[in-house]
Amino acid sequence: AGVRMLAEPATDAQFQEMVLQSDVPTLVVFWASWCGPCRMLKPMLDEMESDYSGKIKVVQVNTDENQQAATDYGIRSIPTTMLFKGGERVDMAIGAVPKSTLEGMVLKQL
């Protein structure tokens, strides 16, 4: 069985509704199935989704399948994690960063 993220997948078509119109801060991870470091982020994102349940949303965007969102936000390397609040990108981290980095991004917005 493959690794299943709790994070909801968002397509280019759903990005505005799921991310930009979200009423809670939304962590978006841009990833691809072939990306090793992306797999390292998955458990941390799952933990954060349960730790901050109801306070944040975690969304994943597969850059191979959804190039528009990746292009719109200038994604050059994956994984890239962005935090959106009120329709704006408020923070970002590139690479397989530690959970403390992601938590720091989120806590600033809560």
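Residues numbered from 1 in each chain as written. Predicted model: local features only at pLDDT ≥ 70, side-chain atom pairs only at ≥ 80, totals over all residues. Heavy atoms only, no water.

Enquirer: It is not clear to me how the sheet that holds strand E2 (residues 26-31) should be interpreted in this structure. Could you clarify?
Expert: Within a beta sheet, neighbouring strands are joined by backbone hydrogen bonds and run either parallel or antiparallel to one another. In space, the five strands of this open sheet follow the order E1-E3-E2-E4-E5, with mixed pairing throughout. With one partner strand each, in any of the chains shown, strand E1 (8-9) and strand E5 (88-94) form the two edges of the open sheet. In terms of strand pairing, strand E4 (residues 80-85) meets E5 through six bridges, oriented antiparallel. When the bridges of E5 are listed, Lys-85 appears paired with Glu-88. In the packing of helix H2 (residues 36-51) onto the sheet, the strands contacted are E2, strand E3 (57-62) and E4, and the crossing angle to E2 comes to about 165 degrees. (Pairing = 2+ DSSP bridges. Helix = DSSP H or I, 4+ residues; strand = E, 2+ residues; numbered from the N terminus. Contact = heavy atoms within 4.5 Å. Axes fitted to C-alpha atoms, helices over the stretch in contact; angles between N-to-C directions.)

Enquirer: Would you mind showing me how to read the state of the cysteines here?
Expert: Here, the word disulfide means a covalent bond between the sulfur atoms of two cysteines. Following the criterion strictly, the structure yields one disulfide and no others. Between the sulfur of Cys-35 and that of Cys-38 lies a disulfide, 2.2 Å long from S to S. Across the disulfide from Cys-35 to Cys-38, rotation about the S-S bond amounts to roughly 85 degrees, and the bridge is consequently right-handed. Exposure remark for Cys-35: the relative accessible area of 3% places this residue in the buried category. (Disulfide = S-S within 2.5 Å. Buried < 20%, exposed > 50% of the residue type's maximum accessible area, 1.4 Å probe, protein only.)

Enquirer: How should the side chain of Asn-62 be read in this particular structure?
Expert: Its place among the elements puts Asn-62 in strand E3. Ignoring anything within four residues of it in the chain, the contact list for Asn-62 reads Trp-31, Ala-32 and Ser-33.

Enquirer: Explanation requested: the packing of aromatic side chains in the structure shown.
Expert: The geometry of an aromatic ring pair is captured by two quantities: the separation of the ring centres and the angle between the planes. The final tally for this structure, using the stated rule, is four aromatic pairs. Each ring, one from Phe-15 and one from Phe-30, has its centre 6.4 Å from the other, and the planes form 35 degrees; the classification is tilted. One end of the pair, Phe-15, is in helix H1 (residues 15-20); the other, Phe-30, is in strand E2, and 15 residues separate them in sequence. Among the residues examined, Phe-30 registers a relative accessible area of 0% and is labelled buried. Centre to centre, the rings of Phe-15 and Tyr-73 are 5.5 Å apart; their planes meet at 40 degrees, and the pair counts as tilted. With Phe-15 in helix H1 and Tyr-73 in the loop between helix H3 (67-72) and E4, this residue pair connects regions lying 58 residues apart in the sequence. Members of the aromatic cluster, connected to one another through ring pairs, are Phe-15, Phe-30, Tyr-73 and Phe-84. Over the ring of Trp-31 we find Lys-42, and its NZ or CZ is 4.5 Å from the ring centre. (Phe/Tyr/Trp six-rings, centres within 6.5 Å; stacked < 30°, edge-to-face > 60°. Lys NZ or Arg CZ within 6 Å of the ring centre and 35° of its normal.)

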